[in-house]
Amino acid sequence: MTGNRVAIVTGGARGIGAATAVRLAREGFAVAVLDLDEAACAGTVRAIAEAGGTALAAGVDVADAGRVTAAVERVAAELGPPVVLVNNAGITRDNLLFKMSEDDWDSVMSVHLRGAFLMTRAVQAHMTKAGWGRVVNLSSVSALGNRGQANYSAAKAGLQGFTKTLAIELGKFGVTANAIAPGFIATEMTAATAARVGADFEVFKAAAAEQIPVRRVGEPEDIAGVVAFLVSDDASFVSGQVLYVAGGPRD
Ligand code: NAP
């Protein structure tokens, strides 16, 4: 693929999404930074612009079909047809099963699964037309099961099946689809988990690091680097895979 390439990163206002947007801009992509609140994307867009890159902020709830269509159309009109999509937007609503509400279940399914579905359906038209595309979905080690996360675990496992099916359907158009399943990454999401269990975040991270073979927690840039590889031409024969990025092995 030559010429200007356009990438969309959902949940790009902070955390893994922000680091990924900045990294993809460094790799030469024009990046659309999508998040619930357009104003919250300003920091990511500024960081990209200050480094000499091109970025656009768009406010969108990825679970809202109409707003997804409008946002993708806007990206195509203002930056060019998007050929890379990183489905990163996510939420947690943790609770043990017997205390989990229907809303806890539905909202997690909605953002992760419906969101990835709507975004990918909207963007694939541009990818197949270009004859080149990359989809990267953010799964999690929680897909293997995690206490208090029946909803999140099911959604993240669902994203793995979604990824493999995209790889099968879209491969003949030059489009690959892969999932990254991070372990513990230091972001506002894990800080909120620490706060919920009443732990100081530094103590929480140190305890998590003791259980990780490389003896540290992950940083958003650890995931951004793997996204950069998966969207590169070097990864054109890698598709339908789930890459666990957790500082140690996972099944
Ligand atoms: P984060 O810091 O909480 O950032 C997630 C972003 O997604 C937030 O800006 C959030 O906006 C946005 N978002 C939430 N719902 C959305 C929606 N409906 N439409 C658009 N944007 C929405 O999370 P993170 O830790 O960077 O995680 C990024 C992804 O990696 C998630 O899919 C997460 O499940 C996955 N992951 C994270 C870890 C980890 O340890 N951090 C591990 C495994 C997998 P608001 O802040 O306004 O809600």
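Residues numbered from 1 in each chain as written. Predicted model: local features only at pLDDT ≥ 70, side-chain atom pairs only at ≥ 80, totals over all residues. Heavy atoms only, no water.

1. Some points on the overall build of the chain
Note the cut-off: We count a stretch as a helix when DSSP gives it H or I for four or more residues in a row; a strand needs E for two or more, and each element gets its number in order from the N terminus. In this treatment the radius of gyration is a C-alpha quantity, and the globule benchmark scales as 2.2 Å times the residue count to the 0.38 power. Contact definition: two residues touch when any of their heavy atoms are within 4.5 Å. Note on areas: Shrake-Rupley with a 1.4 Å probe; residue coverage comes only from the protein chains shown. Here Asp and Glu are counted as negative and Lys and Arg as positive; His is not counted, and neither are the chain ends. By convention, the charge on Lys lies at NZ, on Arg at CZ, on Asp at CG and on Glu at CD.
Looking only at helices and strands, the chain features 8 helices and 7 strands. In terms of C-alpha radius of gyration, the chain reaches 17 Å, essentially the compact-globule figure of 18 Å for 251 residues. In the chain, once contacts between residues fewer than 6 apart in sequence are set aside, the share between residues at least 24 apart is 70%. For the chain, the computed accessible surface area is about 11,500 Å², with 53% contributed by carbon and sulfur atoms. Put simply, the chain has 22 plus and 25 minus side-chain charges, and the middle of one group is 4 Å from the middle of the other.

2. So, the nonpolar core
Generally speaking, nonpolar side chains in soluble globular proteins are found buried as a group. For the record, the criterion: Here, nonpolar core refers to any group of buried Ala, Val, Leu, Ile, Met, Phe, Trp, Tyr and Cys residues whose side-chain atoms link them within 4.5 Å. Exposure categories follow from relative accessible area, calculated using a 1.4 Å probe and restricted to protein chains: below 20% of the type maximum is buried, above 50% is exposed, and the middle band is partly exposed.
Ranked by size, the top nonpolar core spans 31 residues in total, and within it I8, L34, V75, M119 and V123 carry the most contacts. At 7 residues, helix α4 (residues 102–130) tops the list of elements feeding residues into this core. Judged by nonpolar contacts, the second largest core, of 28 residues, contains V9, A13, I16 and V83.

3. Focus on the pairing of strand β5 (residues 133–138)
Cut-off, in case you're wondering: In this scheme, strands are said to pair when DSSP sees at least two bridges between them. Look down the strands so they point away from you; if going from the first strand over the helix to the second traces a clockwise path, that crossover is right-handed.
Burial within β5 is extensive, with 6 of its 6 residues counted as buried. By the bridge criterion, 4 bridges tie strand β4 (residues 82–87) to β5 in an arrangement that is parallel. Across the sheet, N87 pairs through a bridge with N137, a residue of β5. Taking the sense of rotation as the criterion, the β-α-β connection linking β4, α4 and β5 turns out right-handed. Examined bridge by bridge, β5 and strand β6 (residues 175–182) share 6 bridges and lie parallel to one another. Across the sheet, V136 pairs through a bridge with N178, a residue of β6.

4. Describing the domain arrangement of the chain
Just so we agree on the cut-off: These domain limits were set by an automatic method or by a database of domain assignments. Summed over both partners, the accessible surface that disappears when two parts come together, traced with a 1.4 Å probe, is what is meant by buried area.
Domain boundaries assigned for the chain yield domain 1 (6–183 + 220–243) and domain 2 (186–217). Distance from the C-alpha centre of domain 1 to the C-alpha centre of domain 2: 24 Å. Taken together, the 10 residues of domain 1 in the interface contact 6 residues of domain 2. In total, about 580 Å² of surface goes out of reach between domain 1 and domain 2, with carbon and sulfur atoms giving 51% of it. Sorting the residues of domain 1 by area buried against domain 2 places R14, D94 and D222 first, and these three jointly supply 52% of that buried surface.

5. Re the sheet that holds β6
Which entries qualify depends on this criterion: Helix axes are fitted only over the stretch in contact, all axes being lines through C-alpha atoms; the angle between N-to-C directions runs from 0 to 180 degrees.
Pairing is parallel in the open sheet, where 7 strands are placed in the order β3-β2-β1-β4-β5-β6-β7. Each edge of the sheet is formed by a strand with only one pairing partner; in this case those strands are β3 (55–59) and β7 (242–245). Each neighbouring strand pair of the sheet contributes to a mean axis angle of 20°, computed without reference to strand direction. With 5 bridges joining them, strand β2 (residues 30–35) and β3 adopt parallel strand pairing. The partner of V31 across the bridge, within β3, is A55. Where helix α1 (residues 15–26) meets the sheet, it contacts β1 (6–10), β2, β4 and β5, and its direction lies at approximately 170° from that of β1. Contacts from helix α3 (residues 65–78) reach β1, β2, β3 and β4, with the element oriented near 160° to β3.

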